[in-house]
Every structure is written in structure tokens, then in C-alpha cells.
Amino acid sequence: MRRFVVLDCADRQKNNLEKTRLAFIPHLAGGRIIPTENMHCTLFFIGETDAARLEEICRALTDTARRHKKFMTGVWDTAHFRNGCAVVKLKTSKAFESLQKDVAAAMAPFAAKPDSGDKKYLPHVTLLRDAEFVMPFREVKKHVPVFNFPFEVTDFTLFESRRGESGMIYTPITFFNLAQ
């Protein structure tokens, strides 16, 4: 199974993300919409892993969660990546960066592809894939409101994904609560 570690979005955040995503639609020439239930912020993509390693992965993530305290974040901007993803960016902080780096270090031994470490991590939630717009993105942005309600990050989740008839199906495996 393909596995990855995420900050899952609560219903309130997903509703706000959906409003932002809907504002993109009139400006789309093509692309794929991410279903609301699949919206999340990936901390680390592990890739294909053997089921026999799941207990080890969970133990490493439990240890990681214990080393980090809850923190606040929120949405602050939109972006259109070179790979065609239209996203909302999340506010970063030392706590956010520390959690992501620690998760990445803990999961590196289990990763299907070694991380080259040459990409800077940018916390985001993907709203559209293969997005093509009818005008330059800098113009589209002017018409897309960002609904920013700060929220507390209290945990992270290990997910697995598989391809279904209508796209990817994401299933949470377990949650890891951050320290108080």
C-alpha cells in the first residue's frame, strides 16, 4: 500500500478550502478537482511499504508525536505549482517546520524513494491537479478569496491510498496526538 503522513483538515477547514476551490472553477480551462474529503497537508510521502513494516512505522511516528507540542497555523495564500497543482499555502512556524523535519527523518528509513533533501518543504493543501487557467494565475488570484481561520494542529495521521474507480481513495490508518 502507498502510505503517507498528513495533517488532516477538520470539517471547518475543509469547508473553507472548498469555498476557495470553488472560486477557482470559473477560471479553469482544464484540470482535476480534489474531492473535499481528500484535502490534507502532506508532511511526508512514504510510498509503497510492506504491511509487515506498519508496526515499526507506527512506533516511529508515536515517538515523533511525543516530541512535539500543539501549534497554530492557517491558510495565507494561493499558488499554482509548476506540476499544475493549484494549492493554498499554510502558515509555517518553527513548530511546524520542526514537526515536518522530524516526521521526514523518522520515515526516511521506510520511504520507497530516498528524499534528496534538495526541495524546501512548503506546507500546502492541494485543491486542483493539472490545473490550466484561462488567464495568467496572477490574474486568477485576484478573484479567489482565501478563507483564513487559524486552527490548532493537535495531531497528524498516517494514511494509505489506493486507486478506486473514481480516483484515489484515502484511508486513515491511525492518528498521533501531539504533546500537550
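For the structure itself, consult the block above.
Here we summarise the structure given alongside this text. Owing to the predicted nature of the structure, the values given are computational and were not obtained by experimental measurement.

## Brief notes about the side chain of S161
Next, step 1: Among the structural elements, S161 can be located in strand β9 (residues 155-164).
Next, step 2: The buried category is assigned to S161, whose relative accessible area is 4%.
Next, step 3: Non-local contacts of S161, meaning those with residues more than four positions away in its chain, are made with M1, R2, F4, M168, I169 and Y170.

## Side note on the sheet that holds β9
Next, step 1: Pairing is antiparallel in the open sheet, where four strands are placed in the order β3-β1-β9-β10. The open sheet has two edge strands with one neighbour each: β3 (40-48) and β10 (167-177). Shown here is a sheet whose adjacent strand axes are inclined to one another by a mean of 25°, direction ignored.
Next, step 2: Taken together, the seven bridges between strand β1 (residues 2-8) and β3 define a ladder with antiparallel strand orientation. The residue bridging R2 from the neighbouring strand is E48, located in β3.

## Digging into the packing of aromatic side chains
Next, step 1: Summed over all chains, the structure comprises nine aromatic pairs.
Next, step 2: Note on F4 and F159: the rings are 5.7 Å apart at their centroids and 20° apart in plane angle, and the pair reads as stacked. Placement of F4 in strand β1 and of F159 in strand β9 is noted, with a sequence separation of 155 residues between them. Here F4 matches F159 in class, with each residue buried.
Next, step 3: Seen in terms of ring centroids, F24 and F137 are 5.9 Å apart; in terms of plane orientation they differ by 25°. Their pairing is stacked.

## Here's the deal with the sheet that holds strand β7 (residues 124-133)
Next, step 1: One open sheet holds the four strands; their spatial order is β2-β7-β6-β5, and the pairing between them is antiparallel. In this open sheet, the two edge strands, each paired with only one partner strand, are β2 (28-33) and β5 (75-80). Along the sheet, successive strands turn relative to each other by an average axial angle of 30°, direction set aside.
Next, step 2: Pairing analysis gives four bridges linking strand β6 (residues 86-90) to β7, with the strands arranged antiparallel. What sits directly across from A86, in β7, is L128.
Next, step 3: Packing against the sheet, helix α1 (residues 11-24) makes contact with β2, β5, β6 and β7, and its axis sits at approximately 10° to β7.

## What to know about helix α3 (residues 94-107)
Side chains three or four residues apart in an α-helix point the same way, a direct result of the helix having 3.6 residues per turn.
Next, step 1: Between its first and last C-alpha, α3 extends 20 Å over 14 residues, near the 20 Å set by a 1.5 Å rise per residue.
Next, step 2: Turning to α3, its buried residues number three or more, namely F96, L99, Q100, D102, V103, A104, A106 and M107.
Next, step 3: Those residues of α3 that are buried are in contact with β1, β3, α2 (54-66), β4 (71-73), β6 and β9.

What counts as what
Residues numbered from 1 in each chain as written. Predicted model: local features only at pLDDT ≥ 70, side-chain atom pairs only at ≥ 80, totals over all residues. Heavy atoms only, no water. Helix = DSSP H or I, 4+ residues; strand = E, 2+ residues; numbered from the N terminus. Buried < 20%, exposed > 50% of the residue type's maximum accessible area, 1.4 Å probe, protein only. Contact = heavy atoms within 4.5 Å. Pairing = 2+ DSSP bridges. Axes fitted to C-alpha atoms, helices over the stretch in contact; angles between N-to-C directions. Phe/Tyr/Trp six-rings, centres within 6.5 Å; stacked < 30°, edge-to-face > 60°. Expected span 1.5 Å × (residues − 1).

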